[in-house]
Amino acid sequence: AEIAVIGLGYIGLPTAIMFANAGFNVTGYEIRKDVVERINSGKAHIVEPDIDDLLRKVIESGKLRATSNPADIREKDVYIICVQTPLREDRTPNLTYLESAVETVAKAMKPGALIVIESTIPPLTTVRMAEFIEELTGLKPGRDFYMVHAPERVMPGRIFRELVYNSRILGGITPESAEIAERLYRSFVKGQVFRTKSTVSEVVKLMENTFRDVNIALANEFAYLAHQYGINVFEAIELANSHPRVKIHVPGIGVGGHCLPKDPHLLVWPARDDFGLIRLAREINDGMPLLAKDLLFEALRTINLPPEKAVVAVLGLAYKGDSDDTRNSPASAFVEAIVDDVAEVRTYDPFVEGTHGSLEEALRGADAVVIATDHTVFRSLDWETLGKLMRNRVLIDGRHVVEMPPEGFVFKGVGRGEY
Ligand code: SAJ
């Protein structure tokens, strides 16, 4: 079968590589011309372990080719849509990328095609998109073409392993749609494959990330409590988690990335009623950078330094440890929350371009340092030596990276009520 993958981003490019590697002829369609050129020269535009080797292999074998020309994806057997579905300012889903991808497919497809949506989408969207294709082409969903929602569930940083070994949910607009998709995905998926209805798979995907978001919100609320009772929340969580049926998540400066902050909104958006718990969890998690700000200002008061005179170095700008991805990063939200109140904010992230070139440079003459991302390299820093570069020594740990407060520092941490 001939496959077209629409959208060559964090999910589309690895997916295109996997199908090409499994022996299919894959055409990757992407509107960003510079990305197309890069990919065709064998260089990935995203950071992910092993991606460059795998990409080079399928480009050299001719199994994958990228294009921005819609004529190159005409009359394929399978279309796999992997475009983003972000939120608008008012937290409602922006489905324009999806709709324009579906339109592109409708113009290119022939009867009998299978159309797969891998993007995370609000419930009922697959059925609506099938109706949209019917309007545009006159083809009957389930009879003249097949359609499936096959949500991606991979963790950035482990994409190629998880694409193969995670179980996969295939939600068809008809049972036959899901069966055809199963034959396709079995070409590289070694995990279990489950078939269901598209509205179920849409809800499942969103429930997974909402589960994680709500659980982190609970952990974050426990962190607030720890400050009221003067205890270390991480000690308390470790002890609570020794119970066989308790597994509390990790509190911190916030919840970022392109999934967890968005998916709970997609889950409740098409529903008629309001869902308080899910919305409240989002508010709690979005409020965490402000707790870190309070801790910083409290520490500055301890050393009698007015915030407007303080030089603050923020360590980490990525949304999570060992990632270069700054989308919806709590670290950026924290920087925004303090930038107008302090003399200067410097950022240092070894994975993110445009931040200070070195840690030493970022810390020299600074009054306070705030750890906002749990990069592994931040766990083994020698604070006694680094402290000598600083004008004042305030250390705020937003990610439980520092176990014992270093000598000579005023130390505070999210959930560290004991200091
Ligand atoms: N975080 C916490 N505490 C925790 C876990 C995470 O504060 O206990 C924070 C992280 O620091 C980060 C944010 O949450 O800022 C999100 O990180 P993450 O590691 O939970 O997840 P993502 O966004 O990288 O990937 C998630 C995964 N979903 C689940 O684990 C249920 C992944 O499997 C999905 O494929 C991905 O979303 C997606 O694309 O939807």
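Residues numbered from 1 in each chain as written. Predicted model: local features only at pLDDT ≥ 70, side-chain atom pairs only at ≥ 80, totals over all residues. Heavy atoms only, no water.

J.: Pulling in residues and values, what's your account of the domain arrangement of the protein chain?
T.: Parsing the protein chain into structural domains produces domain 1 (2–191), domain 2 (206–280) and domain 3 (286–413). Of note, the centres of domain 2 and domain 3, computed from C-alpha atoms alone, are 23 Å apart. Contacts between the two partners involve twelve residues from domain 2 and, on the opposite side, 17 residues from domain 3. Taken together, the links from domain 2 to domain 3 amount to six residue pairs in polar contact (both at pLDDT 80 or more). For the side of domain 2 that touches domain 3, the element with the highest residue contribution is helix H8 (residues 198–229), accounting for three residues. Residue classes in the side of domain 2 that touches domain 3 are distributed as five nonpolar, seven polar and no charged. (Domains from an automatic or database assignment. Contact = heavy atoms within 4.5 Å. Polar contact = N/O pair within 3.5 Å; in protein donor to acceptor, adjacent residues only side chain to side chain. Helix = DSSP H or I, 4+ residues; strand = E, 2+ residues; numbered from the N terminus. Nonpolar A, V, L, I, M, F, W, Y, C, P; charged D, E, K, R; others polar.)

J.: Residue-level account of the sheet that holds strand S2 (residues 25–29), with values.
T.: On the basis of which strands lie adjacent, the open sheet formed by eight strands has the order S3-S2-S1-S4-S5-S6-S7-S8 and mixed pairing. The sheet terminates laterally at strand S3 (64–67) and strand S8 (193–197), the two strands that pair on one side only. Going across the sheet, the axis of each strand differs from the next one's by a mean of 25°, ignoring polarity. (Pairing = 2+ DSSP bridges. Axes fitted to C-alpha atoms, helices over the stretch in contact; angles between N-to-C directions.)

J.: Kindly report on the site of the ligand, identifying the contributing residues and their values.
T.: The ligand sits among 20 residues. The nearest are Glu-152, Lys-205, Asn-209, Arg-212 and Tyr-319. Between the ligand and Val-154, the relevant distance is 2.7 Å, taken from an oxygen atom to a main-chain nitrogen or oxygen of the residue. Tyr-319 is positioned such that a nitrogen or oxygen atom in its side chain is 2.6 Å from an oxygen atom of the ligand. Burial of the ligand by the protein chains amounts to 89% of its free accessible area of 770 Å². (Near = heavy atom within 4 Å. Areas by Shrake-Rupley, 256 points an atom, 1.4 Å probe, with all protein chains shown as cover.)

J.: Can you break down the packing of helix H1 (residues 12–21) against helix H3 (residues 51–60) residue by residue, with the values?
T.: It is the contact of H1 with H3, at a shortest axis distance of 10 Å, that shows an interaxial angle of 50°. When the axis of H1 is compared with that of H3, the two are oblique. As for how H1 packs across H3, the hand of that crossing is left-handed. Only Ile-51, Leu-54, Leu-55, Lys-57 and Val-58 of H3 make contact with H1, whose side of the interface consists of Leu-13, Pro-14, Ile-17, Ala-20 and Asn-21. Its residues assigned to classes, the contact of H1 with H3 shows eight nonpolar, one polar and one charged. (Parallel < 35°, antiparallel > 145°, perpendicular 65-115°, else oblique. Left-handed = near helix turned anticlockwise from the far one by under 90°.)

J.: Describe a nonpolar patch on the surface, listing the residues and the values that go with them.
T.: A grouping of Leu-225, Tyr-229 and Ile-231 is seen on the molecular surface, where their side chains present a nonpolar patch of about 310 Å² in accessible area. The residue Leu-225 is located in helix H8 in this model. (Patch = residues over 30% accessible without salt bridge, like charges linked within 9 Å, V, L, I, M, F, W, Y side chains within 5 Å. Salt bridge = Lys/Arg side-chain N within 4 Å of Asp/Glu carboxyl O.)

J.: Explain the packing of aromatic side chains to me, and be specific about the residues and the numbers.
T.: Enumeration according to the criterion identifies seven aromatic pairs in this entry. When the centroid spacing of 5.4 Å and the interplanar angle of 70° are considered together, the rings of Phe-19 and Tyr-185 count as edge-to-face. Note that Phe-19 is positioned in helix H1 and Tyr-185 in helix H7 (residues 175–185), a separation of 166 residues in sequence. Residue class for Phe-19 comes out buried when judged on its relative accessible area of 0%. Judged by centre distance (5.9 Å) and plane angle (80°), the ring pair of Trp-383 and Phe-409 falls under edge-to-face. Taken together, the residues span a long stretch of sequence, with Trp-383 in helix H14 (residues 383–387) and Phe-409 in the loop between strand S12 (394–397) and strand S13 (410–413) at a distance of 26 residues. Since its relative accessible area comes to 6%, Trp-383 is described here as buried. Using a relative accessible area of 11% as the deciding quantity, one classes Phe-409 as buried. A network of ring pairs unites the aromatic residues Phe-19, Phe-24, Tyr-185 and Phe-188 as a single cluster. (Phe/Tyr/Trp six-rings, centres within 6.5 Å; stacked < 30°, edge-to-face > 60°. Buried < 20%, exposed > 50% of the residue type's maximum accessible area, 1.4 Å probe, protein only.)

J.: Please give an account of the side chain of Asn-285 that cites residues and values.
T.: Turning to its location among the elements, Asn-285 is positioned in helix H11 (residues 276–302). Given the relative accessible area of 1%, Asn-285 is considered buried. If we ignore the near neighbours within four places in the chain, the residues touching Asn-285 are Asp-213, Ile-216, Ala-217, Asn-220, Gly-254 and Val-255.

J.: Just give me the short version of unusual backbone geometry, but keep the residues and values in it.
T.: In this structure, Asp-50 is a non-glycine residue whose phi angle is positive, near 70°. Residue placement: Asp-50 occurs in the loop between helix H2 (33–40) and H3. Positive phi, close to 50°, is recorded for His-400, a residue that is not glycine. By relative accessible area, His-400 is classed as buried at 19%.

J.: An account of the packing of H8 against H11 is requested, with residue identities and associated values reported.
T.: Packing of H8 against H11 brings their axes to within 8 Å, and their N-to-C directions diverge by 45°. With respect to H11, the element H8 is oriented oblique. Of the two elements, H8 crosses H11, and the hand of that crossing is left-handed. Along the contact surface, H8 presents Thr-210, Asp-213, Val-214, Ile-216, Ala-217, Asn-220, Glu-221, Tyr-224 and His-227, while H11 presents Leu-277, Ile-278, Ala-281, Arg-282, Ile-284, Asn-285, Gly-287, Met-288, Leu-291 and Leu-295. Considering only residue class, the contact of H8 with H11 consists of eleven nonpolar, five polar and three charged.

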